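Residue-level listing of the chains:
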Amino acid sequence: MTAKTLYDKIWDAHLVSTDEDGTSLLYIDRHLVHEVTSPQAFEGLRNAGRKVHAPDKTIAVPDHNVPTTLDRLEGEVKNEESRVQLDALEKNALDFGVHYYPVDDIRQGIVHIVGPEQGWTLPGMTVVCGDSHTATHGAFGSLAHGIGTSEVEHVLATQTLIQAKSKNMKVEITGQLQPGVTAKDITMHVIGETGTAGGTGYVIEYCGEAIEALSMEGRMTVCNMAIEGGARAGLIAPDQKTFDYVMGRPHAPKGAQWEAALTYWKTLFTDANAEFDLVLTIKAEDIEPSVTWGTSPEDVLPISGTVPFATDFNGGKVDAAQRALDYMGLTPGMKLTDIEIDTVFIGSCTNGRIEDFREVARIVKGKKIKSGMRAMVVPGSGLVRAQAEEEGIAQILIDAGFEWRLAGCSMCLAMNPDQLAPEERCASTSNRNFEGRQGRNSRTHLVSPVMAAAAALTGHLTDVREL
Amino acid sequence: MEKFTKITGVAAPMPLINIDTDMIIPKLFLKTIKRSGLGKNLFDEMRYDDAGAEIPDFVLNKPAYRNAQIIVAGDNFGCGSSREHAPWALLDFGIRVVISTSFADIFYSNCFKNGILPVILPQEDIDKLMDDAARGANAILNIDLESQTITGPDGGEVSFEVDAFKKHCLINGLDDIGLTMQKSDAIAAFEAQNATSMPWV
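Now for a look at the structure at hand. Keep in mind that what you see is a predicted model, and the values were worked out from it rather than measured. (Residues numbered from 1 in each chain as written. Chains lettered and ligands numbered in written order. Predicted model: local features only at pLDDT ≥ 70, side-chain atom pairs only at ≥ 80, totals over all residues. Heavy atoms only, no water.)

**Description of the overall build of chain A**
Step number 1: Summing up its helical and strand segments, chain A has 16 helices and 19 strands in all.
Step number 2: For 467 residues, the compact-globule formula gives about 23 Å, and the C-alpha radius of gyration of chain A, at 21 Å, lands near that figure.
Step number 3: Once the C-alpha set of chain A is aligned to its principal axes, its extents read approximately 55 × 55 × 45 Å.
Step number 4: Considering chain A as a whole, with its 467 residues, one finds that 65% of them fall into the buried category. (Helix = DSSP H or I, 4+ residues; strand = E, 2+ residues; numbered from the N terminus. Rg over C-alpha atoms; globule rule 2.2 N^0.38 Å. Buried < 20%, exposed > 50% of the residue type's maximum accessible area, 1.4 Å probe, protein only.)

If you want it as structure tokens, here you go:
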């Protein structure tokens, strides 16, 4: 038998048919739906008189548009267009009979946090959503990726997707991370190495000692940003940590089915002599706490660095770097630690889980954020929020001066009231620093949760190891 | 979906690399529940100033390019989000072809679902087409999907590769869902087998 990668195994297990030219029909085990990329798909079903093929495998959660302020349940969502989109999701979920977590349900949150939390995401599955950060679920050893709205409609109607197979890429992180260096720094460092197009055409499998040492939360952070490196998906082979995380979750298998599932899941690894089309090996000890200086997730530097000159780059990147420097209002040669910050955002599908908040609380406990700083912590789900309150984390954050919000996508993408004003500068634990991402003419520096916490305390980008 | 066979139109040069989906259609315009009407906000933050007035220097605001149907772009066009609003906005503006050295995966796939042809060419061909596109209203390119060729204003011809299945769907304006539903027996058989072998799914 030919040796297979983990991706090969999941792919083969979901093939419904393959045409002569290699175009394949892939079965989809879980379809996650949110309010922004689904209304046109449901409208398409209605217009064609079609049903949702497998409503029991389809989960709908509002997240992008929902306000995160504590008063959100008291009145209607003020923005008319947001309200229409949220209402449309509710109507579509109820009309077509899919699983639905409304805004007032404690289980509501960012769809990529709700899926794993509720046990919808399991090893070996195919998981899709009309959202590029679906890559998050790859942390469980499931093949998970974003799709467009036409494909959302296709999956709703047929529970399959027309796909061409990607190539296999291995990203191995050897050795151990230094103190103060996190999963976020790993994934940012990798994108700094590959560039935002380096993974195009590939599915990445992350492996190595430093990946194995990560918690499930950390692994989700790593896979979440696979898309920022251009990859179709990121994967991590499931192990005992994965099984322990999944066990007992509401939609995880129980009893005899659990045992059968576990037996299967233990076969989900890359065979010893399987071949990858591309391999990148990075030493964990070479990774420093990382920050972005520009407007592309590939604009990554260690916090000890300085803002680059446009002429440091080649080809089309020279103009792009100059444009980024102008947009970000930065002077080449200045130390990254001299960049002053006025806003801190901790949350998103990248870093909105309980472990992220525990780490932030550890840094800010008994301290106060810099005077005048706007700092918010936004849990990835209502259950994360409840757990943080139970553990006393929420109170530590509030005492330090953070706003403690309700669950949603919040300031990651400024489709809801949480936005930056023009030229405001944010240390953000989210995943994209594109122009305008957090508000028109806003300036984003991507960082890990502990680095965001450090910046909140000092008022400028700060090496968390020096606090 | 509108069929795509041949297009003869003005090509607009956008040499910037990594043009992302937030640039193509900023998130505040994603709140629509329709596919149409996004063209006026295509490249919104590059195209209009804070007061909403057109920025004259932006390529699609220049008289020669206001009716462009083709964009010649820098590397890695369409990176970022899966939002199909990006191709919807391009299409609504009138863009039917984007030419670059590389595209982000999901954007590339989304184009084909909406009658837009993304063409991948080597850097030297892009450089030449970028020069052609810089000629303003004279920057007429002819794109023929059937023969997989692009003809420039000087008559020079460049050929391109495209996946046979995607080409077939684009030329015939085919709906993927209809095609897949013809395989409903295979889907049912897969589900029946899975119900036994992996009942937890």
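That shown, we press on.
**Let's talk about the overall build of chain B**
Step number 1: When helices and strands are tallied, chain B shows eight helices and seven strands.
Step number 2: The dimensions of chain B, computed from C-alpha atoms along their principal axes, are 65 × 45 × 25 Å.
Step number 3: Here chain B holds 201 residues, and the buried ones make up 58% of them.
Step number 4: Carbon and sulfur atoms provide 52% of the accessible area of chain B, an area that totals close to 7900 Å².
Step number 5: The distance from the centre of the 18 positive side-chain charges to the centre of the 28 negative ones in chain B is 6 Å. (Areas by Shrake-Rupley, 256 points an atom, 1.4 Å probe, with all protein chains shown as cover. Lys, Arg positive; Asp, Glu negative; His and termini not counted. Charge placed at Lys NZ, Arg CZ, Asp CG, Glu CD.)

**Regarding the interface of chain A and chain B**
Step number 1: The interface of chain A with chain B comprises 72 residues on the first partner and 52 residues on the second.
Step number 2: Taken together, both faces of the contact between chain A and chain B bury some 5200 Å²; the carbon and sulfur share is 56%.
Step number 3: Applying the counting rule to chain A against chain B returns seven salt bridges.
Step number 4: A salt bridge links Asp105(B) to Arg232(A), with the shortest nitrogen-to-oxygen separation between them at 2.4 Å.
Step number 5: Summed over the shared surface of chain A and chain B, the result is 32 residue pairs in polar contact (both at pLDDT 80 or more).
Step number 6: Only strand S1 (15-18), strand S2 (24-27), helix H2 (39-48), helix H3 (80-96), helix H5 (149-158), strand S8 (160-163), helix H10 (255-265) and helix H11 (317-328) of chain A provide two or more residues apiece to the side of chain A that touches chain B. (Contact = heavy atoms within 4.5 Å. Buried area = accessible area lost by both parts, 1.4 Å probe. Salt bridge = Lys/Arg side-chain N within 4 Å of Asp/Glu carboxyl O. Polar contact = N/O pair within 3.5 Å; in protein donor to acceptor, adjacent residues only side chain to side chain.)

**A few points about empty space enclosed by the protein**
All names here are of chain A.
Step number 1: If you walk through the whole model with that rule in mind, you get six cavities of 30 Å³ or more.
Step number 2: If you add up the space inside the largest cavity, you get close to 220 Å³.
Step number 3: Split into classes, the residues belonging to the lining of the largest cavity amount to seven nonpolar, eleven polar and four charged.
Step number 4: Split by domain, the lining of the largest cavity shows at least three residues from each of two domains, domain 1 (7-165) and domain 2 (292-466). (1 Å grid on protein atoms, 1.4 Å probe; cavity = no way out; pocket = protein on both sides within 12 Å on 5 of 7 lines; lining within 4 Å. Points joined across faces, edges and corners; volume = space filled by probe spheres on them. Nonpolar A, V, L, I, M, F, W, Y, C, P; charged D, E, K, R; others polar. Domains from an automatic or database assignment.)

**Considering unusual backbone geometry**
Glycine aside, negative phi is the norm for most residues, and most peptide bonds take the trans geometry.
Residues and elements named next belong to chain A.
Step number 1: Of note, Ser-410 is a non-glycine position whose phi angle comes to about 50°, a positive value.
Step number 2: Secondary-structure assignment places Ser-410 in the loop between strand S17 (403-404) and strand S18 (425-428).
Step number 3: Although it is not a glycine, Asn-441 sits at a positive phi angle of roughly 60°.
Step number 4: Turning to its location among the elements, Asn-441 is positioned in the loop between S18 and strand S19 (443-446).

**A few points about the side chain of His133(A)**
Residue and element names in this part refer to chain A.
Step number 1: With respect to the element layout, His-133 can be found in the loop between strand S6 (126-129) and strand S7 (143-146).
Step number 2: A polar contact is formed between the side chain of His-133 and the side chain of Asn-431, at a distance of 3.4 Å.
Step number 3: Leaving out residues up to four positions away in the same chain, His-133 has contacts with His-112, Asn-224, Ile-227, Glu-228, Cys-349, Asn-431, Arg-432 and Arg-437.

**Here we look at the sheet that holds S7(A)**
Residues and elements named next belong to chain A.
Step number 1: Pairing in this open sheet of five strands is parallel, and the strands run S5-S4-S3-S6-S7 from one edge to the other. With one partner strand each, in any of the chains shown, strand S5 (99-100) and S7 form the two edges of the open sheet.
Step number 2: Examined bridge by bridge, strand S3 (residues 30-33) and strand S4 (residues 58-60) share three bridges and lie parallel to one another. Bridging across to S4, Val-33 finds its partner in Ala-60. (Pairing = 2+ DSSP bridges.)

**Remarks on the sheet that holds strand S2 (residues 70-73) of chain B**
Residue and element names in this part refer to chain B.
Step number 1: A sheet is described by the order of its strands in space; here seven strands give the open sequence S4-S3-S2-S1-S5-S6-S7, paired in mixed fashion. Among the strands making up the open sheet, the edge pair consists of strand S4 (117-120) and strand S7 (157-159). This sheet shows a mean twist of 25° between the axes of neighbouring strands, independent of strand direction.
Step number 2: In terms of strand pairing, strand S1 (residues 6-14) meets strand S5 (residues 140-144) through five bridges, oriented antiparallel. Across the sheet, Thr-8 pairs through a bridge with Asn-142, a residue of S5. (Axes fitted to C-alpha atoms, helices over the stretch in contact; angles between N-to-C directions.)

**What to know about the packing of aromatic side chains**
The geometry of an aromatic ring pair is captured by the separation of the ring centres together with the interplanar angle, meaning the angle of the planes.
Step number 1: For the structure on display, the rule yields 16 aromatic pairs over all chains.
Step number 2: Ring geometry for Phe140(A) and Tyr245(A): centres 5.3 Å apart, planes at 65°, overall edge-to-face. You can see Phe140(A) sitting in the loop between S6 and S7 and its partner Tyr245(A) sitting in helix H9 (residues 240-246), a full 105 residues away along the chain.
Step number 3: The exposure class assigned to Tyr245(A) is buried, which follows from its relative accessible area of 14%.
Step number 4: Where Tyr108(B) meets Phe112(B), the ring centres are 5.2 Å apart and the plane angle is 75°; that geometry is what we call edge-to-face. (Phe/Tyr/Trp six-rings, centres within 6.5 Å; stacked < 30°, edge-to-face > 60°.)

**What about the packing of helix H6 (residues 183-194) of chain A against helix H8 (residues 216-224) of chain A?**
All names here are of chain A.
Step number 1: Viewed as axis vectors pointing N to C, H6 and H8 meet at an angle of 20°, and their least axial separation amounts to 8 Å. Considering the angle they form, H6 stands roughly parallel to H8. H8 is crossed by H6, and the crossing has right-handed handedness. Contact with H6, carried on its side by Ala-183, Lys-184 and Thr-187, involves Gly-218, Thr-221 and Val-222 of H8 and no other residues of that element.
Step number 2: Split into classes, the residues belonging to the contact of H6 with H8 amount to two nonpolar, three polar and one charged. (Parallel < 35°, antiparallel > 145°, perpendicular 65-115°, else oblique. Left-handed = near helix turned anticlockwise from the far one by under 90°.)

**Topic: the pattern of salt bridges**
Step number 1: For the structure shown, the criterion picks out 38 salt bridges over all chains.
Step number 2: Here Glu424(A) ties to Arg374(A) by a salt bridge, and the two come within 3.9 Å at their closest N and O atoms. Of this pair, Glu424(A) sits in the loop between S17 and S18 while Arg374(A) sits in strand S16 (residues 374-377), and the two are 50 residues apart along the sequence.
Step number 3: Arg374(A) sits in the partly exposed class, given a relative accessible area of 27%.
Step number 4: Where Arg135(B) meets Asp154(B), a salt bridge forms, and the shortest distance between an N and an O atom there is 2.8 Å. Linking Arg135(B) in the loop between helix H5 (123-133) and S5 with Asp154(B) in the loop between strand S6 (149-151) and S7, this pair joins segments that are 19 residues apart in sequence.
Step number 5: Residue classification places Asp154(B) among the exposed positions, given a relative accessible area of 55%.

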